[in-house]
Amino acid sequence: IAVVCIMRSRLCTEEVFKWAMQRKVFGNRLVEQPVIRNKMAQMFAGIESCTSMLHEVTHNMNSLGSGSPAMGGRIALLKYQTTRMMHMVGD
């Protein structure tokens, strides 16, 4: 679930970035507006954070085993963080 959410967020952010580079507002590209740059920075940071967490969970699953009791909380946190990131990217 988390992998698909992160992949879809990356695709959405890529399209937003392409559109912001092409769109002109007040004589400048949309990406040059501070508010848009801040929002896009938050989107990029959220995606990278979730990707890092996904890699960490994957590594821990390989070393601890997928049935380890310690993995339940980590996977739940990854799902929660990914869902929050998806909401932020979607807005």
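Scroll up to find the structure this text is about.
Figured I'd write up the structure that's included with this text. Fair warning: this is a prediction, and the values are worked out from it, not measured in the lab.

**Quick look at the packing of aromatic side chains**
Okay, step 1: This structure, assessed with the given rule, holds 1 aromatic pair.
Okay, step 2: A ring pair is formed by Phe17 and Phe44, whose centres lie 6.3 Å apart and whose planes are at 65°; its orientation type is edge-to-face. Of this pair, Phe17 sits in helix α1 (residues 2–22) while Phe44 sits in helix α2 (residues 34–64); the two residues are 27 residues apart in sequence, bridging distant segments of the chain.

**Notes on the environment of Ser52**
Okay, step 1: Among the secondary structure elements, Ser52 is positioned in helix α2.
Okay, step 2: Sequence-wise, Ser52 and Val35 are 17 residues apart; in three dimensions their C-alpha atoms are separated by 26 Å.

**As for the pattern of salt bridges**
Okay, step 1: Taken as a whole and assessed by the stated rule, the structure comprises 4 salt bridges.
Okay, step 2: Taking the shortest distance from any N to any O, the salt bridge between Glu14 and Lys18 comes out at 3.3 Å. Of this pair, Glu14 and Lys18 both sit in helix α1, 4 residues apart, roughly one helical turn.
Okay, step 3: Of the residues examined, Glu14 reaches a relative accessible area of 38% and is grouped as partly exposed.

**Some remarks on unusual backbone geometry**
Phi is mostly negative for residues that are not glycine, and the peptide bonds are mostly trans.
Okay, step 1: With a phi close to 55°, Phe26 is a non-glycine residue in the positive phi region.
Okay, step 2: Looking at the secondary structure, you find Phe26 in the loop between β1 (24–25) and β2 (28–29).

**Comments concerning α1**
Okay, step 1: In this model, α1 (21 residues) spans 30 Å end to end at C-alpha, consistent with the 30 Å of a helix rising 1.5 Å per residue.
Okay, step 2: When α1 is considered as a whole, its buried residues turn out to be Ala2, Cys5, Ile6, Ser9, Thr13 and Ala20. Projected onto a plane normal to the axis of α1, the buried residues spread over an arc of 90° and lie on a single side. Exposed residues lying more than 90 degrees from the buried face of α1 are Val3, Arg8 and Gln22.
Okay, step 3: Where α1 is buried, its residues touch β2, α2 and α3 (69–90).

Cut-off values and rules
- Residues numbered from 1 in each chain as written.
- Predicted model: local features only at pLDDT ≥ 70, side-chain atom pairs only at ≥ 80, totals over all residues.
- Heavy atoms only, no water.
- Phe/Tyr/Trp six-rings, centres within 6.5 Å; stacked < 30°, edge-to-face > 60°.
- Helix = DSSP H or I, 4+ residues; strand = E, 2+ residues; numbered from the N terminus.
- Salt bridge = Lys/Arg side-chain N within 4 Å of Asp/Glu carboxyl O.
- Buried < 20%, exposed > 50% of the residue type's maximum accessible area, 1.4 Å probe, protein only.
- Expected span 1.5 Å × (residues − 1).
- Arc of directions from axis to C-beta.
- Contact = heavy atoms within 4.5 Å.

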